[in-house]
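Coordinates in review
Here is how the chains run, residue by residue.
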Amino acid sequence: MGQPLGRRRQGRQGRGRFRTFAIGGAALLAAATIAGCGSAPAGPPVLNFYTPADGAKQYAAAAAACTQQSGGRYSIVQQTLPKSADDQRLQLARRLVAGDPSVDIMGIDVTWTAEFAEAGWLEKFPADQAAKVKEGTLAGPLDTGTWQGELWAAPLNTNTQILWYRKDLAPNPPATWDDMIAQSEALAAKGLPAAIEVQGAQYEGITVWFNTLLTSAGGQVVNENGDVLIDKGDAAVKAATIMQRVATAKGADPSLSVNKENDGRLAMEAGEAAFQLNYPFVYASINTPPPDGGGGGTFIDAQGKATSQDTGRRVIDEFAWAPYPSVIPGKPATVTIGGLNLGVSSTSLHKDLAFDAVQCLRDRDNQLVNAVDGGVPPTLEALYSDPAFQEKYPAWQAIKESLDNASVRPKTPAYQSISIVLSDALNPPGDIDPPVVVAGLAEQIRKAENSEGLVP
Amino acid sequence: MTLDSGALAAATTKQEPSHRAGKQPLSEGKKAERRLGLWLCAPAAIIMVAVTAYPIIYAIWLSLQRYDLRFPAEREFAGLSNYGAVLTSAYWWQAFLITVIITVVSVAIEFVLGLALALVMHRTIVGRGLTRTVVLIPYGIVTVVAAFSWQFAWTPDKGYLAAMLSEGSAPLTGQASAIAIIILAEVWKTTPFMALLLMAGLALVPDDLLKAAQVDGAGAWQRLTQIILPMMKPAILVALLFRTLDAFRVFDNIYILTQGSNGTGSVSMLGYDNLFKAFNLGIGSAISVLIFVAVALIALLFIKIFGAAAPGSEPTGKR
């Protein structure tokens, strides 16, 4: 307290400087506020189009093209969401719960339709718009956008798995899982690459694998009324048994329990696998030079084993595809489809324009761009006979067949919780005790369906 | 308000070592100064209430409701049923056990290593600044960044640490090995913090006392256990308490290293998943509140165990 005078003077000086700062800051803030809220653009209404980060370039191009085509009715601005589906869902949910009016069009995962519709975040497609969407669209993808008989999201692109295999190791591609496991074990006995690569890590991928096997065996997890059907009949036990056998077969990939789509692709390109259940991106990848792709895979010797010597023969020379193996002989597998649908937010201020914009964003030209540049199969049936598409997807016939027999993931607003429960119970696949797991799952899924209890 | 709080402020300032000012009535000027002081504090206090008290109370309120973002129509008051659901769930107890294991093991290791580091730093004569800086580096690195480098190091094919293990082993995919790696990451990251707090405690130990003990024939170990540690008790309490509370809420390392798979999820991971993946605000808030209660219990337990050494409970009747 020695120099109160000096201090006070200093304080006053400081205060003066502070005041300058404060005024400057307030002015800046005010300017920002005016710029942010007040300046309604003089042009046409802006529609914000939220898309996943993957393929953002194509979506932005589509947004620009549709803005052009609208003839000044609206302009679409593409906004990029995170890469991972969980993060995308969380960001959208936060905006929608808070009633953000700047969300107009959303690219949503096929599994979110029921959840978003039931939570009141999606605007139902009006009858005329729905009719336009249904025209020429594949039935499987269309089903993913439908909830309780109404269309809530328009399929933009889809995705499906087929069997990729080495034709030198398996001259007759297996038609069933039993056959594939037998072939794999025979290869392992001879010391040849034998692994069956499939998604066994604890994430959405293992749920997809299980759902494909379950529906192929004639089962279902839940129906649209919320009835849990997983423990009806023996389909679930059959599916779980196949998973357990694949993981414990002689020659199985030891890291199956942590493998995702990309790990399977890498194992195939490294010449360690004989079979791979995966999406069409693996074909594009093996044909892409490193570092972005596999560059034809590693060299293989006369027997088919991977080698570091230049034998002039690579994995790609023996790389082939076939329909997804079935569970019941003679009955085609029903492969779980993925993909992206377009929904209109219930918080949007320009819903009518947004529906029109959705029609444009998923039109033939934009879907073809997505398919060719983005690597995701289209949902318009006509495109599968387009030469440009067929050239990019030599496996188009198998893909189309797979889509025609598609199954969708459980349609329920609680899908996310059910998927977490499934992936937790089925991982690691090698430890599955089928009857026990299925009995436990039924109870937990019932709880998840009613949003009771915890998710792991 | 002003008068009462003015008196309150006066009461608190009485404890200052000022010898005579205490009982005299305050002058007008002093009163005005106090009042100004309170007014200046008020914004900070209000902000504190807004950013801490409000969310805590809101979380408790949410935890008493059935509230799932996906079923907005079913929102209703549910009493304690969310707590019942959490406390009867095997997932909660599994996560709780994992959290306790991670907390106890990592804090124990950190304490031993931290004490050793503190002794070294305390004794160092040459390059003292350099030693302290070097020791503190891990604490300065962002946890998520450090966790990513651990993850790469332990990933087969890519990582240098995984390469030292036998072929085909993926340590992050097994429960025991993954938990060990999580603990390692925690220890590596926060031992410097422990060391820093303990070093502050070491400064409390008078050199004379140690020299006297040495003259009396006490060995190094005896000096550590009989003199240094008892004298450092308050610092040890603070260090252990801070670290235990921190470790109990472990999240970032697990989130990056394993995402909670293979039974490595902590209670914080469980709360995150229920809130942000399942969108179940009721259950998720109940988990958060239970974590809060557990943390409060830990703090209480520490103060009970360490009793007199706890800061703020000085027994010697100084007041």
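Conventions used here
Residues numbered from 1 in each chain as written. Chains lettered and ligands numbered in written order. Predicted model: local features only at pLDDT ≥ 70, side-chain atom pairs only at ≥ 80, totals over all residues. Helix = DSSP H or I, 4+ residues; strand = E, 2+ residues; numbered from the N terminus. Buried ≥ 20, exposed ≤ 12 C-beta atoms within 10 Å, placed from the backbone. Contact = placed C-beta atoms within 7 Å. Domains from an automatic or database assignment. pLDDT = per-residue confidence, 0-100. Axes fitted to C-alpha atoms, helices over the stretch in contact; angles between N-to-C directions. Left-handed = near helix turned anticlockwise from the far one by under 90°. Nonpolar A, V, L, I, M, F, W, Y, C, P; charged D, E, K, R; others polar. Pairing = 2+ DSSP bridges. UniProt positions renumbered as here; feature names shortened; annotations may be inferred.

Describing the overall build of chain A
The number of helices and strands found in chain A is 17 helices and 14 strands. By residue count, 49% of the 456 residues in chain A fall in the buried class. Put simply, 73% of the contacts in chain A that link residues at least 6 apart link residues at least 24 apart.

A few points about the domain arrangement of chain A
Residue and element names in this part refer to chain A. Domain parsing of chain A yields domain 1 (46–159 + 338–404) and domain 2 (170–335 + 414–449). Once you take the C-alpha centre of each, domain 1 and domain 2 turn out to be 28 Å apart. Listed as interface residues are 13 residues of domain 1 and, on the opposing side, 13 residues of domain 2. At the level of secondary structure, the elements contributing two or more residues to the side of domain 1 that touches domain 2 comprise helix 4 (113–118) and helix 15 (396–404). For the side of domain 1 that touches domain 2, the element with the highest residue contribution is helix 15, accounting for 4 residues.

Quick notes on the confidence of the model for chain A
Here chain A averages 88 in pLDDT, while 91% of its residues score no lower than 70. Contacts from residues 31–39 of chain A, a stretch scored under 50 in pLDDT, to residues over four places away or in other chains number 1 contact.

Section: unusual backbone geometry
Of note, the bond from P290 of chain A into P291 of chain A is cis; its omega dihedral lies within 30 degrees of zero at 5°. Here P291 of chain A lies in the loop between helix 11 (281–286) and strand 11 (299–300). In the Ramachandran plot, Q148 of chain A falls in the positive-phi region, its phi being about 55° despite a non-glycine side chain. Secondary-structure assignment places Q148 of chain A in the loop between strand 5 (146–147) and strand 6 (150–151). One non-glycine residue, F279 of chain B, adopts positive backbone phi at about 55°. Its location among the elements puts F279 of chain B in the loop between helix 13 (267–277) and helix 14 (281–306). F279 of chain B sits in the buried class, given 24 other C-beta atoms within 10 Å.

Some points on the packing of helix 4 (residues 90–123) of chain B against helix 11 (residues 233–248) of chain B
In a pair of packed helices, the angle between the axes and the distance between the axes together describe the arrangement. All names here are of chain B. With their axes 9 Å apart at the nearest point, helix 4 and helix 11 run at an angle of 145° to one another. Between helix 4 and helix 11 the crossing geometry is right-handed. Residues T99, I102, T103, S106, V107, E110 and F111 of helix 4 form the contact with helix 11, whose participating residues are L240, R243, T244, A247 and F248. When the residues that make up the contact of helix 4 with helix 11 are grouped by side-chain class, the tally is 6 nonpolar, 4 polar and 2 charged.

Re the interface of chain B and chain A
Taken together, the contact between chain B and chain A spans 23 residues of the former and 24 residues of the latter. Counting residues per element, the ones that place at least two in the side of chain B that touches chain A are helix 3 (81–87), helix 4 and helix 13 of chain B. Take the side of chain B that touches chain A: its biggest share by element is 5 residues, from helix 13 of chain B. Split into classes, the residues belonging to the side of chain B that touches chain A amount to 13 nonpolar, 6 polar and 4 charged.

Some thoughts on the pairing of strand 8 (residues 162–166) of chain A
All names here are of chain A. For strand 8, the tally of buried residues reaches 5 of 5 residues, placing the bulk of the element in the interior. Where strand 8 meets strand 10 (residues 273–278), 4 bridges bridge the pair, whose relative direction is antiparallel. Looking across to strand 10, one finds that Y165 is bridged to F275. Note: strand 8 against strand 13 (residues 319–322), 4 bridges, orientation antiparallel. Its bridge partner being in strand 13, W164 is matched across the sheet by W321.

Here we look at the UniProt feature "transmembrane region" (unreviewed entry) in chain B
According to UniProt, the positions carrying the feature "transmembrane region" (unreviewed entry) are residues 36–61, 91–121, 133–154 and 278–303 of chain B. Secondary structure across residues 36–61 of chain B comprises 100% helix and 0% strand; the distance between its end C-alpha atoms is 36 Å.

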